[in-house]
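Now for the letters of each chain:
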Amino acid sequence: MCTGVKLYLQHLLWFLDSITTHTIILVTPALLFHRNKVLKEITNKARQRGDRPSCCTQCLQGASFRRFGNTLSERFQQLRVWQKILKVIGAEFGTSVLSYFVFLTWLLNFNIFSFLINFSFIIIPQFLAAEPNNLSFTGLELFTGAGYFQQTVLYYGFYTNATISKIENGPSYNMQLGYIFTVGIYFLICFLILLFSMAKFFSRNFIQPQKFSGNASKLLCTWDFNITNEKAVKLKQKNLHTQIKEDLAEENKEVLNFSAMERVCRIATHLLAWVVSLGTAVAACAGVYFLSINNLELFMKGYSNDLEGQGAMLVLPVIVSLLNTLIPFFFSWLGHMEKFQTPGQHLYITITRNIILKMSIVGILCYYWLNIVATSESQCWETLVGQDIYRLVLVDFIFCLLGSFFGEFLRRIIGTTVCLNLGLPEFDIARNVLDLIYAQTLTWIGILFSPMLPGIQMIAFFIVFFVKKVSLMRNCQPPRKVWRTSQMMTSFILLLFCPSFLGVLSLLFFHTLRLKPSEGCGPFRGLPAMFSAVTEWVKSLESYTASKWVAWIYRNLIASELFFFILCTFLLVVIYLYWEIIQAKKTMAKGLRQQIENVSLAFSCIFCIIWLLC
Amino acid sequence: MRWKSKTPCSQKSEEPIQPTSLSLFLRLFYRYRDLAPQLVPLDYSDNPAVTLPYELIGSMPELKDNPFRQRIAEVFSEHGDGNMTLDDFLDMFSVLSEMAPRDLKAYYAFKIYDFNNDDYICKSDLEKTVNKLTRNELTPEEVSLVCEKVIYEADVDNDGKLSLADFQRMIIRAPDFLSTFHIRI
């Protein structure tokens, strides 16, 4: 009977697992199937080195295989260099710090992709139809983005609205359509990539909230096999030892029961801290707004070429970056004052406050650009906005490097010479990731105004990667506390998607559909809105019978409200169905768990009775 | 149960070689060969029976400081003694790569922590694990306390030891496991 009950228990557990994990069969990795193929290839390669090809076909086959192999190996060489750097970082500092660098390379890929398609479809055609640049180049343009750069491909205002064709009666390139479709398709692809990455992360890292076994998983699941440096291994063992001792000590402490008065005090402290932090964010936004209005007046008066005039243009970006750097320190000090119950709470609330600050500053700047600059009387408002964004991106990059210098290098000097009990600094993952998200948001906003901005951000990210890596290796120590990497990475990708990317998308829609482009410059001059280029093109397609279907699709699917309404309703129904399925599975899992407990209790009672009877 | 025996040996597959797995295997083969070039031939067409001793495997830079290197080598070796053939070596690093699915990694992590090979992680296995993780610096009472807490939390069928199913259930609640149970090569 014992084996029977045990079998029944095992079946119940198996069924429970299948509901919660969906996979119970051990899946052999696909790469094992290729092992024999690989061994054959190694043998062939050994033979090829010894034998000489006897006939022509063998010659050709060998040459093509070798060429294919060479190109493949070149590609892998580049990946190998990257892999080697990531391996070295992971070996010494573990998975948590590695996740920052992996996130940085992921964002770098977005920028490389954007730069490539912008370069191929927008910048190269413009080079063919470029007007000569009469302005002079002084070195200061690298910082201010004005002057010589105004008449280059860097900004929207330089692009022509004509249809470019180099050869008489040859193929022509419509700049308006090229510009809007390139940007549109890039954002669509980014949207899909972000959506699928988020879904993948959620499905892998979703933790069921009930019964989170802290200690067991801490012991058996968190040893980082990536760490291969002897010193780092010893440090990690020491940290684990300290953590276990702390956990055991906490168990012995009495559970603190707060009296009603103390609870009210705590809630009041939290409320006050929130009011102070939101007030600081609002004050920062107001400061930025008034500063930017001043900035516009400076432009309307006409900028002077002297040093003071150029310097005045940099005041806004420097103030914005200073606010973005210093206020987070204030927030983290506020968090220390508040005395949260767990360090996890402290971390999440500090990150939330930082995100509110950064996104509200970006929001107020966008309001200023799209509502005030766009309706001002300037010659070419898109170029003005592009210059502002260029300066913001550049100053943010400089502040990032300075932050690394002060936050890590100087802190190490202080911690090892002057104030010895501070020790080496730890790499602040949250602050650095939020900086990356902010920089990427600025780049996405600026793509429409400055097509070369992704290229500039790509170079900036490259430099930041190597600077941070060198600074990390020389100045920092591995993290002491266990950092829930997967949960944090999921929330960072969610932050990249939700306020950042979706905000940029809504700005994009507003800009292309509602704002009037400037009369005197850019590819959309004279049109009531950017999107009118597409509507006019579709109208012109209706005259050709071969492309009437394009016009039909546009009229009935893209421009019709009924289609979007039906699509939204369908999506809501699908989401509701999935939600109900999840709830049903949760209930079933709960019931089965109860059954397991009941059966094991019944079994132990029966065993006791039998033992007593004997 | 060795899932390795289920792989079809004579598969005339027209599947395209995935570049990442091909490059991984080639790299692993050259790493294996670099450990003892005089023992490992370049020609593997007649399946030579070459086994490298544990001392060579354990001296690899990726493994030499890992506290569980001996258990890893024992789990993946054919006779459980730590001496590995090329097949065992490839298995080991493919399970520890980022491409292996979670259930496979969980299965092998369970076997690594099961020191006495009885298909259960009992209290003595956990004590050995804790000692390896903390360099024997905790007192025996503290070790015992920690092990009891782990068993209390994770043992659902109340038999005083952790089975594979208990371990897999624990893995679900630790999403970091996929990224920490990983060796880059």
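What counts as what
- The numbers attached to residues start from 1 for each chain and follow its sequence in the written order.
- Here every chain gets a letter starting at A, and every ligand a number starting at 1, in the order they are written.
- Only residues with pLDDT of at least 70 are given local features in this predicted model, and only at 80 or more are side-chain atom pairs given and counted; all residues enter the totals for whole chains, interfaces and linings.
- To obtain the side-chain values, all non-hydrogen atoms of the structure were used and water was disregarded.
- Where helices and strands are cited, they refer to DSSP runs of H or I of at least four residues and of E of at least two residues respectively, numbered from the N terminus.
- Buried residues are those whose accessible area, probed at 1.4 Å on protein chains only, stays under 20% of the maximum for their type, while exposed residues exceed 50% and partly exposed ones sit between those limits.
- Each accessible area value is a Shrake-Rupley result obtained with a 1.4 Å probe; residue values ignore everything except the protein chains displayed when judging cover.
- One fewer than the residue count of a helix, multiplied by 1.5 Å, yields its expected span.
- A residue's bend is simply the angle between two axes: one fitted to the seven residues ending at it, one to the seven starting at it.
- The criterion used for residue contact is that any of the two residues' heavy atoms lie within 4.5 Å.
- Salt bridge criterion: a side-chain nitrogen from Lys or Arg within 4 Å of a carboxyl oxygen from Asp or Glu.
- Two cysteine sulfurs form a disulfide in these notes if their separation is within 2.5 Å.
- Residues belong to a common nonpolar core when they are buried Ala, Val, Leu, Ile, Met, Phe, Trp, Tyr or Cys residues joined through side-chain atoms within 4.5 Å.
- Under this scheme, a helix contributes an axis fitted over its contacting stretch, all axes are lines through C-alpha atoms, and angles between N-to-C directions fall in the 0 to 180 degree range.
- Roughly parallel here means an angle under 35 degrees, roughly antiparallel means over 145, roughly perpendicular means 65 to 115, and every remaining angle is called oblique.
- Should the near helix be turned anticlockwise from the far one by less than a right angle, the crossing is left-handed, and should it be turned clockwise, the crossing is right-handed.
- Two distance rules govern patches: like charges are joined within 9 Å, and nonpolar side chains (Val, Leu, Ile, Met, Phe, Trp, Tyr) within 5 Å, applied only to residues with over 30% relative accessible area and no salt bridge.
- UniProt positions are given in the numbering used here, feature names are shortened, and annotations may be inferred rather than shown by experiment.
- Stacked, tilted and edge-to-face are the three classes assigned to paired rings of Phe, Tyr and Trp, where Trp is represented by its six-membered ring and a pair needs centres within 6.5 Å; plane angles under 30 degrees give stacked, over 60 edge-to-face, the rest tilted.
- Values of pLDDT, the confidence the predictor places in each residue, fall between 0 and 100.

(A) Quick look at the overall build of chain A. What chain A contains, in helices and strands, is 19 helices and two strands. Counting only residues that meet the buried cut, chain A has 42% of its 614 residues in that class. If you sum the accessible surface of chain A, you get close to 34,000 Å²; carbon and sulfur atoms cover 68% of it.

(B) View of helix H16 (residues 485-514) of chain A. Between its first and last C-alpha atoms H16(A) spans 42 Å; for 30 residues at 1.5 Å apiece the expected length is 44 Å, and the two agree. Maximum bend of H16(A): about 30°, positioned at Phe501(A).

(C) Representation of the side chain of Thr180(B) in the model. Here Thr180(B) shows up in helix H9 (residues 177-180). Look past the residues within four positions of Thr180(B) in its chain and what remains in contact with it is Thr95(A), Cys221(A), Thr222(A), Trp223(A), Asp224(A), Phe225(A) and Asn226(A).

(D) Structural view of unusual backbone geometry. Residues and elements named next belong to chain B. In this model, Arg135 sits at a positive phi of 55°, which is unusual for a non-glycine residue. With respect to the helices and strands, Arg135 occurs in the loop between helix H6 (123-133) and helix H7 (140-154). On the basis of relative accessible area, Arg135 is assigned to the partly exposed category, the value being 40%. Positive phi values are uncommon outside glycine, yet Asn136 reaches one of about 60°. Among the structural elements, Asn136 can be located in the loop between H6 and H7.

(E) Region of the structure containing the pattern of salt bridges. Overall, the coordinates contain twelve salt bridges over all chains when judged by the stated rule. The partner of Asp65(B) in a salt bridge is Lys64(B), and the shortest N-O contact between them spans 3.1 Å. By relative accessible area, which is 40% here, Lys64(B) ends up partly exposed. One salt bridge connects Lys123(B) with Glu148(B), and the closest N-O pair in it is separated by 3.4 Å. Taken together, the residues Lys123(B) in helix H6 and Glu148(B) in helix H7 connect sequence positions 25 residues apart. Judged by its relative accessible area of 28%, Lys123(B) falls in the partly exposed class. The class of Glu148(B) is partly exposed, set by a relative accessible area of 42%. Because the salt bridges share partners, they merge into one network encompassing Lys87(A), Arg31(B) and Glu62(B).

(F) Examining the state of the cysteines more closely. Residues and elements named next belong to chain A. Scanning the model with the defined rule gives one disulfide over all chains in all. Between the sulfur atoms of Cys380 and its disulfide mate Cys521 the distance is 1.8 Å. When the S-S torsion is 95°, as for the bridge of Cys380 with Cys521, the disulfide is right-handed. Of this pair, Cys380 sits in the loop between helix H12 (343-373) and helix H13 (381-418) while Cys521 sits in the loop between H16 and helix H17 (532-541); the two residues are 141 residues apart in sequence, bridging distant segments of the chain. A relative accessible area of 14% means that Cys380 is categorised as buried. Counting only cysteine sulfurs, Cys498 is the nearest neighbor of Cys190, a cysteine outside any disulfide, at a range of 16 Å. The class of Cys190 is buried, set by a relative accessible area of 1%. For the unlinked cysteine Cys476, the closest cysteine sulfur is that of Cys400, found at 13 Å. A relative accessible area of 8% places Cys476 in the buried class.

(G) Broad picture of the nonpolar core. Counting 109 residues, the largest nonpolar core has Tyr100(A), Phe103(A), Phe187(A), Trp369(A) and Trp444(A) as its most contacted members. When near neighbours in sequence (up to four residues on either side) are disregarded, Tyr100(A) contacts Phe427(A), Ile429(A), Asn432(A), Val433(A), Leu436(A), Val464(A) and Lys468(A). With 68 residues, the next largest nonpolar core counts Leu248(A), Phe25(B), Phe110(B) and Tyr113(B) among its residues.

(H) Spatial organisation of the packing of helix H11 (residues 315-338) of chain A against H13(A). Residues and elements named next belong to chain A. Viewed as axis vectors pointing N to C, H11 and H13 meet at an angle of 45°, and their least axial separation amounts to 9 Å. As far as their axial angle goes, H13 and H11 are oblique. As H11 runs across H13, the sense of the crossing is right-handed. Mapping the contact onto sequence places Pro317, Val318, Val320, Ser321, Leu322 and Thr325 in H11 and Arg391, Leu392, Val395, Asp396 and Phe399 in H13.

(I) Local environment of a nonpolar patch on the surface. All names here are of chain A. Residues Phe137, Leu142, Phe143, Ile398, Leu402, Phe405, Phe406, Phe409 and Ile413 make up a contiguous nonpolar surface patch of roughly 800 Å² in combined accessible area. Elements with a contribution of two residues or more to the nonpolar patch: helix H5 (141-144) and H13. The dominant element in the nonpolar patch, judged by the number of residues it contributes, is H13, at six residues. Relative to the assigned elements, Phe143 resides in helix H5.

(J) Representation of the UniProt feature "domain: EF-hand" (unreviewed entry) in chain B in the model. Residues and elements named next belong to chain B. Here, the residues flagged by UniProt with the feature "domain: EF-hand" (unreviewed entry) are residues 101-136 and 142-177. Helix makes up 64% of residues 101-136 and strand 0%, and the two end C-alpha atoms of the span are 32 Å apart. For residues 142-177, the end-to-end C-alpha separation is 25 Å, with 64% helix and 0% strand making up the annotated structure.

(K) Highlighting the packing of aromatic side chains. Residue and element names in this part refer to chain A. Across all of its chains, the model carries 41 aromatic pairs over all chains by this definition. A centroid spacing of 4.9 Å and a plane angle of 75° characterise the contact between Trp444 and Phe501, whose relative ring orientation is edge-to-face. Of this pair, Trp444 sits in helix H14 (residues 429-446) while Phe501 sits in helix H16, placing them 57 residues apart in sequence. For the pair formed by Trp444 and Phe501, the shared burial category is buried.

(L) Representation of the confidence of the model for chain A. All names here are of chain A. Of all residues in chain A, 82% attain a pLDDT of 70 or more, and the chain-wide mean is 80. Looking over chain A, one finds the lowest element-wise mean pLDDT in helix H1 (residues 2-21), namely 54, and the highest in helix H15 (residues 453-475), namely 93. In this model, residues 50-74 is a region of pLDDT below 50 whose contacts with residues beyond four sequence positions or in other chains number six contacts. The low-confidence segment residues 208-213 (pLDDT under 50) makes 13 contacts with residues lying over four places distant or belonging to another chain.

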